Amino acid sequence: MVETLEQFLPHPLLALFIHAALPMVIVFPYVLFAVWLERKVSAHMQDRLGPMRTGGWHGWSQTIADMIKMIQKEDIVPSRSDKFLFKFAPFLAFMGSYAAFAVIPFSSEYIGAHLDVGAFYILAVTSIVTLSILMAGWASNNKWSLLGAMRTSAQIVSYEIPTVVAVLSVIVATGTLNLMTISEMQSGTIFNWLIFHSPFLFIAFVLYFISSLAEVNRTPFDLPESESELVGGFHTEYSGMRWGMFMLTEYADMFLVSLLGSVLFFGGWNSPFGDFMSGPIWGVFWMISKGMFFIFVMMWLRWTLPRLRVDQLMDVCWKYLIPFAFVNLVLVALWEMIF
Amino acid sequence: MPELRTEEMVINMGPQHPSTHGVLRVELVLDGEIVVDAIPHIGYLHRCFEKHSESMNDYQQVIPYVDRMDYVAAISNELGFAIAMERMLGIEVSERVECIRVIFAELQRIASHLVAIGTYGLDIGAFTPFLHCFRDRERILDIFESTCGARLLYNYIWVGGLSHDVPTDFKDKVRDFVQYFPPKIKEYNDLLTYNKIFIDRTADVGVLPADVALNYASSGPILRGSGVNWDLRRDDPYSIYDQFEFDVVVGKGEMGTVGDCWDRYIVRVREMEQSIRIIAQAVERMPDEGDVKAAVPKRIRPPEGEIYARTETPRGELGYYIISDGSMSPYRVKARSPCFVNLSVLPAISRGSMVSDVVAIVGSIDIVLGEIDR
């Protein structure tokens, strides 16, 4: 992909820059769409209509208007806060989330960086988000924010273990950490997808999905934000576009774990119908559709379920998910040995 | 290595907090996430209701102020005041008025419990049941609106009668609602009540044993949630409640201990079913003809004396203590507010729980700050 770009562009650095910014072209419109979708999904589940006016058709431009509003807002920094950390945290959060998109194979022709340790890289780089949340909570100089930040770091660090083990099950089955290779291995019909590979990989997917919900702080694991207890948690003191950056990160993270889930278990950019509707462009279509499906499921859960308490959250992780994940990993390995 | 120094953190929950149901401030002393002590501070919504009443030129003028105490269940407040005054003056109201009052009070109880369970879901983190509850509350408010024009503060029940007659299609509307509502209760149960996460969050949380509840003089769903079978509608009947069939719902500790948050919650859900039963009986009993203002006195000049009358509002025992000096204005009006008394139990049951539990406990007590501060 970079080579193709270099032929058209005057300078190789420009080609690299465009190559690096391409996921942004997908992520930004996706976030605008996802926020709108969240409003619509929640509204229809709750017997409401949601935004109906802005832009005409079903309020499609509501989030664009919201973004413009946020950019115009005053940038408030609490007077007793740690100014540098406070200002830097939202950008670090987005950085950690965006960097992970580098190894997501959006289509058979496009992947940001052809890393051989793609899966490992994603798991490592997304942990930066924890750091930024802790920074934000500490720097805000607000007790509620600090409580929220502490909860988040405990939660994300704990839930990384089942996530990693679930991802590891796929690695055991495929024998590679390269996400592009994993996608290529699943080409063909829908039955080549890894989720149908063995019953234990199906269990691995369920484990992955549950723990990824906690990784991205979605209901029923949305304790860090828990608006009814902590009033926003770590981002209570943020306003305007800095707050917007946190929201952007949250939605980008949701997208990321959904895409990773579809690469690992649902064939990535492969069409479910074999050769029909397949190709590099269709690949992008399938990849994003699969991602959006999981995002829809996350929204569905969010507007249905209540929230767990912090000790119950830890119970779910340490007492159920982690033992299950490890036993499952062994079973996946046994399956691979026998068949 | 030197010993790590730790200290307790004092944190203010409220007065600007989404889960304190108004302007309650709870001073929490925390050890990490564990609550060492919770001290409620009230008074942010004080409007001098009791003092105001003393300068009214007519007892009838107190009723709009009474509305504004428990603004989620305004009819129940009016009913209590009207009954107190009628006992003082020795007024008998007609059967039709009594039936309309009972229907209104029970509809108001359902509307109030809908707000209580909806916002309770919100406290626990479930958004959707809240809006479903408000959808159904809307139907009740529509009935109120078609009768007296108001949706929140009615000024409907007057001393000796009612301010307006009901519209001609009132009975049909009420019957429609009686038909419509019971399936919706099942919907809430499916969505919230028997949800595993909801049960985990509320069962065995904020356990209030029956003896503690009695010592704190709790009343209403709080007391019944602790397993005490006490309902003024049955045990000290007013209006014509003694002529209806209904059960008093008590908490049984189905999901955990008797008197936990889940019990207080389920008492409200089941009371709505009982209210539907009362409404169905009252609407069949209600005579079609009759002047609802027939017994409204032109001038209210009660004899010198005092009265205490208590009624069962959705939140518990609401008592009015009224002293008359024989003039047109009350000498003293004192309201025994159920929320105020119920809230006092908060420190006792929230010690040792977590921050999220305090939210669940405050929600299960179902306070309205307008009534606490008056």
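Residues numbered from 1 in each chain as written. Chains lettered and ligands numbered in written order. Predicted model: local features only at pLDDT ≥ 70, side-chain atom pairs only at ≥ 80, totals over all residues.

**Some thoughts on the overall build of chain A**
- For chain A, the helix and strand inventory stands at twelve helices and zero strands.
- Taken from N to C terminus, the helices and strands of chain A fall in the order α-α-α-α-α-α-α-α-α-α-α-α.
- For chain A, whose C-alpha radius of gyration is 20 Å, the value lies close to the compact-globule estimate of 20 Å for 339 residues.
- Along the longest, intermediate and shortest principal axes, the C-alpha atoms of chain A span 60 × 55 × 45 Å.
- Scored against the burial criterion, the 339 residues of chain A give a buried share of 46%.
- Sequence-distant contacts in chain A: of pairs separated by 6 or more residues, those separated by 24 or more amount to 76%. (Helix = DSSP H or I, 4+ residues; strand = E, 2+ residues; numbered from the N terminus. Rg over C-alpha atoms; globule rule 2.2 N^0.38 Å. Buried ≥ 20, exposed ≤ 12 C-beta atoms within 10 Å, placed from the backbone. Contact = placed C-beta atoms within 7 Å.)

**A word on the overall build of chain B**
- Scanning chain B from N- to C-terminus turns up 15 helices and eight strands.
- Taking 21 Å as the expected radius of gyration for a compact globule of 374 residues, we find that chain B reaches 21 Å, a close match to that expectation.
- Over its C-alpha atoms, taken along the principal directions, chain B stretches across nearly 85 × 45 × 35 Å.
- Of all intrachain contacts in chain B linking residues separated by at least 6 positions in sequence, the fraction that spans at least 24 positions is 70%.

**Quick notes on the packing of helix 4 (residues 95-124) of chain B against helix 5 (residues 128-148) of chain B**
All names here are of chain B.
- It is the contact of helix 4 with helix 5, at a shortest axis distance of 8 Å, that shows an interaxial angle of 165°. By the angle between their directions, the pair helix 4 and helix 5 is classed as roughly antiparallel. In this structure, the crossing between helix 4 and helix 5 has a hand that is left-handed. Taken together, the residues of helix 5 that come into contact with helix 4 (itself represented by L107, I110, A111, L114, V115, I117, G118, T119, G121 and L122) are P129, F130, C133, F134, D136, R137, I140, L141 and I143.
- Within the contact of helix 4 with helix 5, the residues separate by chemical class into 14 nonpolar, three polar and two charged. (Axes fitted to C-alpha atoms, helices over the stretch in contact; angles between N-to-C directions. Parallel < 35°, antiparallel > 145°, perpendicular 65-115°, else oblique. Left-handed = near helix turned anticlockwise from the far one by under 90°. Nonpolar A, V, L, I, M, F, W, Y, C, P; charged D, E, K, R; others polar.)

**Observations regarding unusual backbone geometry**
All names here are of chain B.
- In this model, S239 sits at a positive phi of 50°, which is unusual for a non-glycine residue.
- The residue S239 is located in the loop between helix 10 (232-235) and helix 11 (261-285) in this model.
- One non-glycine residue with positive phi stands out, namely D366, at about 55°.
- On the basis of neighbour counts, which here come to 28 C-beta atoms within 10 Å, the residue D366 falls in the buried class.

**Comments concerning helix 11 (residues 280-302) of chain A**
Residues and elements named next belong to chain A.
- End to end, helix 11 covers 33 Å across 23 residues, agreeing with the expected 33 Å (1.5 Å per residue, within 8%).
- Listed as buried for helix 11 are G283, W286, M287, I288, K290, G291, F294, I295, M298, M299 and R302.
- In the core, the buried residues of helix 11 are packed alongside helix 2 (12-45), helix 9 (199-215) and helix 10 (240-265). (Expected span 1.5 Å × (residues − 1).)

**Digging into the sheet that holds strand 6 (residues 305-313) of chain B**
Residue and element names in this part refer to chain B.
- Reading across the sheet, the three strands line up as 6-7-8 and stay open at both edges, with antiparallel pairing between neighbours. Bordering the open sheet on either side are strand 6 and strand 8 (330-336), each of which pairs with just one other strand. On average, each strand axis in the sheet is tilted by 15° relative to the strand beside it, whichever way the strands run.
- Across six bridges, the pairing between strand 7 (residues 316-324) and strand 8 is antiparallel. Bridge pairing in strand 8 links I323 to R332. (Pairing = 2+ DSSP bridges.)

**Regarding the nonpolar core**
Residue and element names in this part refer to chain B.
- Ranked by internal contacts, the top residues of the largest apolar core, which has 198 residues, are I103 and V358.
- Counting residues per element, this core draws most heavily on helix 4, which supplies 16 residues.
- Residue contacts for I103: discarding those within four places in its chain leaves V174, I279, A282 and V283. (Core = buried A, V, L, I, M, F, W, Y, C linked by C-beta atoms within 7 Å.)

**Looking at the sheet that holds strand 3 (residues 34-41) of chain B**
Residues and elements named next belong to chain B.
- If you trace the three strands from one edge of the open sheet to the other, you get 1-2-3, paired in antiparallel fashion. The open sheet has two edge strands, strand 1 (9-13) and strand 3, and neither has a second partner. Recorded for the sheet is a direction-independent mean angle of 20° between the axes of neighbouring strands.
- As paired elements, strand 2 (residues 25-31) and strand 3 share seven bridges and run antiparallel to each other. Bridge pairing in strand 3 links R25 to H41.
- Relative to strand 2, helix 14 (residues 355-365) is tilted by about 150°, and along the sheet it contacts strand 1, strand 2 and strand 3.

**Notes on helix 5 of chain B**
- In this model, helix 5 of chain B (21 residues) spans 30 Å end to end at C-alpha, consistent with the 30 Å of a helix rising 1.5 Å per residue.
- Following helix 5 of chain B by one or two positions, G149 of chain B has its phi on the positive side, about 85°.

**Comments concerning the confidence of the model for chain A**
- Taken residue by residue, chain A gives an average pLDDT of 83. The fraction at 70 or more is 97%.
- Confidence scores differ between elements of chain A, with helix 1 (residues 2-8) of chain A showing the lowest mean pLDDT of 70 and helix 3 (residues 62-72) of chain A the highest of 88. (pLDDT = per-residue confidence, 0-100.)

**Description of the interface of chain A and chain B**
- Each partner contributes to the interface: chain A provides 24 residues, whereas chain B provides 26 residues.
- Elements with a minimum of two residues in the side of chain A that touches chain B: helix 2, helix 7 (143-174) and helix 12 (310-338) of chain A.
- Considering each element in turn, the side of chain A that touches chain B owes the most residues, three residues, to helix 12 of chain A.
- The residue makeup of the side of chain A that touches chain B, split by class, is nine nonpolar, seven polar and eight charged.

**Some words on the environment of A173 of chain A**
Residues and elements named next belong to chain A.
- Residue placement: A173 occurs in helix 7.
- You can call A173 buried: it has 21 C-beta atoms within 10 Å.
- Once the C-alpha coordinates of A173 and M337 are considered, the two residues, 164 residues apart in sequence, prove to be 9.7 Å apart.
- Here A173 is in contact with L194, H197, L201, V332 and E336, once residues within four sequence places are set aside.

**Overview of the confidence of the model for chain B**
- Here chain B averages 87 in pLDDT, and 100% of its residues register 70 or above.
- Listed scores for the predicted complex are pTM 0.86 and ipTM 0.80.

**A closer look at the packing of helix 3 of chain A against helix 10 of chain A**
All names here are of chain A.
- Helix 10 packs onto helix 3 with a crossing angle of 135° between their chain directions and a minimal axis gap of 6 Å. Looking at the two axes, helix 3 sits oblique to helix 10. Side by side, helix 3 and helix 10 meet where M67, M70 and I71 of the first sit next to G240, M241 and G244 of the second.

**Some points on the environment of E245 of chain B**
Residue and element names in this part refer to chain B.
- Along the polypeptide, E245 turns up in the loop between helix 10 and helix 11.
- Its 8 C-beta neighbours within 10 Å are what place E245 among the exposed residues.
- Sequence spacing of E245 and D58 is 187 residues, and the spatial spacing of their C-alpha atoms is 37 Å.
- Aside from chain neighbours lying at most four places away, what touches E245 is R277 and Q281.

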